[in-house]
Amino acid sequence: EGELLDISRAASGGIVLKQPQEPDLKWVWWWLNEPAVQSLLPVTFPALEAFSEQYNIWSRAEEQQPLAIHLATGELIGFLLMNNQDRLVVLDLIILRPDYRNQGYGTDAVTAAMQHTFEYLDAEIFAIEVDLNHGPALRCFEKCGLKSLLKETDTEPVELSDQGTYLLGLHQEDWFRQI
């Protein structure tokens with residue numbers, strides 16, 4: 001099963017990150033409003049207009065990078081939002097089309113986001129806050145090589161809230177060592 005999925009993903013030509021177009025936003029909004037997804041989000045967008053307004057804010061903000069996730073064939077399969085602050089890039093949001101989940105495309109998209117972070121933005125750290133109860137996301141991020149970001153004196157993961165979220169990430173030098 002894994003080998004066939006790898007062949008299918010390879011045949012798609014890989015992942016391309018680019019600026020979303022207006023029609024992309026409708027699909028992203030639709031995916032964000034799935035009940036299973038809404039329970040994982042800190043904020044919801046019940047109306048397409050509200051999401052479009054938020055997207056316009058993100059796209060105007062210098063530190064925000066909203067990007068559509070496409071296959072090399074041009075097919076839209078997802079969306080991500082990165083926040084770039086002082087050489088730290090945080091992946092604030094990633095959503096994939098339902099029929100592309102649990103097949104490795106999320107791992108490919110996060111890897112493309114890390115490549116963008118380290119090779120284009122020249123950031124020192126790529127990070128994401130993750131809910132420990134979100135198993136598929138944890139597996140995806142682990143496959144990408146993300147580890148708990150620890151302070152030098154800490155032995156436990158950095159807990160960000162009382163809701164069971166932790167900060168995972170990768171340093172630039174580790175990225176270049178693993179590629």
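Some points on the overall build of the protein chain
Consideration 1: For the protein chain, the helix and strand inventory stands at 7 helices and 7 strands.
Consideration 2: Counting helices and strands in the order they occur from the N terminus, the protein chain gives α-β-α-α-α-β-β-β-α-β-α-β-β-α.
Consideration 3: Each of the 179 residues in the protein chain was classed as buried or not, and the buried ones make up 42%.
Consideration 4: Partitioning the contacts of the protein chain with sequence separation of at least 6, the portion at a separation of at least 24 is 56%.
Consideration 5: Just so you have it, the protein chain exposes about 10,300 Å², and 51% of that area is on carbon and sulfur atoms.

As for helix α2 (residues 22-32)
Structural remark: α-helix, 3.6 residues per turn; residues separated by three or four positions point the same way.
Consideration 1: Among all positions in α2, only Asp24, Leu25, Val28, Trp29, Trp31 and Leu32 are buried. What you see down the axis of α2 is that its buried residues fit within an arc of 160 degrees, all on one side. Away from the buried face of α2 by more than 90 degrees, exposed residues Pro23 and Trp30 are located.
Consideration 2: Among the structural elements, α3 (35-38), α4 (48-60), β2 (64-71), β3 (76-85) and β4 (88-96) are those in contact with the buried residues of α2.

A closer look at the pattern of salt bridges
Consideration 1: Across all of its chains, the model carries 6 salt bridges by this definition.
Consideration 2: The shortest N-O distance in the salt bridge between Asp122 and Arg87 comes to 3.4 Å. Of the two residues, Asp122 is situated in the loop between α5 (105-120) and β5 (125-131) and Arg87 in the loop between β3 and β4; the sequence distance between them amounts to 35 residues.
Consideration 3: Its relative accessible area of 33% is what places Arg87 among the partly exposed residues.
Consideration 4: Arg177 is the partner of Asp174 in a salt bridge, and the nearest nitrogen-oxygen pair spans 2.3 Å. Pair noted here: Asp174 and Arg177 are both in helix α7 (residues 172-178), with a separation of 3 residues, about one helical turn.
Consideration 5: Residue class for Asp174 comes out partly exposed when judged on its relative accessible area of 28%.
Consideration 6: Judged by relative accessible area, which is 62%, Arg177 ranks as exposed.
Consideration 7: Residues joined by salt bridges that share partners form a network here, namely Glu75, Arg97 and Asp99.

Some thoughts on the packing of α5 against helix α6 (residues 135-143)
Consideration 1: α6 packs onto α5 with a crossing angle of 50 degrees between their chain directions and a minimal axis gap of 9 Å. Classed by the angle they form, the pair α5 and α6 counts as oblique. Here α5 and α6 pass one another in a crossing that is right-handed. Residues Gly106, Thr107 and Val110 of α5 form the contact with α6, whose own contacting residues are Cys140, Phe141 and Lys143.
Consideration 2: Its residues assigned to classes, the contact of α5 with α6 comprises 3 nonpolar, 2 polar and 1 charged.

Points about the nonpolar core
Consideration 1: Judged by nonpolar contacts, the single largest core of 31 residues is most densely connected at Met82, Val110, Met114, Phe126, Phe141 and Leu146.
Consideration 2: Here this core gets 7 residues from one element, more than from any other, and that element is α5.
Consideration 3: Those residues in contact with Phe141, other than ones at most four positions away along the chain, are Val110, Ile128, Val130, Leu146 and Leu168.
Consideration 4: By size, the runner-up hydrophobic cluster in this structure holds 16 residues, among which are Phe45, Phe51, Leu76 and Leu93.

Procedures and definitions
- Residues numbered from 1 in each chain as written.
- Predicted model: local features only at pLDDT ≥ 70, side-chain atom pairs only at ≥ 80, totals over all residues.
- Heavy atoms only, no water.
- Helix = DSSP H or I, 4+ residues; strand = E, 2+ residues; numbered from the N terminus.
- Buried < 20%, exposed > 50% of the residue type's maximum accessible area, 1.4 Å probe, protein only.
- Contact = heavy atoms within 4.5 Å.
- Areas by Shrake-Rupley, 256 points an atom, 1.4 Å probe, with all protein chains shown as cover.
- Arc of directions from axis to C-beta.
- Salt bridge = Lys/Arg side-chain N within 4 Å of Asp/Glu carboxyl O.
- Axes fitted to C-alpha atoms, helices over the stretch in contact; angles between N-to-C directions.
- Parallel < 35°, antiparallel > 145°, perpendicular 65-115°, else oblique.
- Left-handed = near helix turned anticlockwise from the far one by under 90°.
- Nonpolar A, V, L, I, M, F, W, Y, C, P; charged D, E, K, R; others polar.
- Core = buried A, V, L, I, M, F, W, Y, C linked by side-chain atoms within 4.5 Å.

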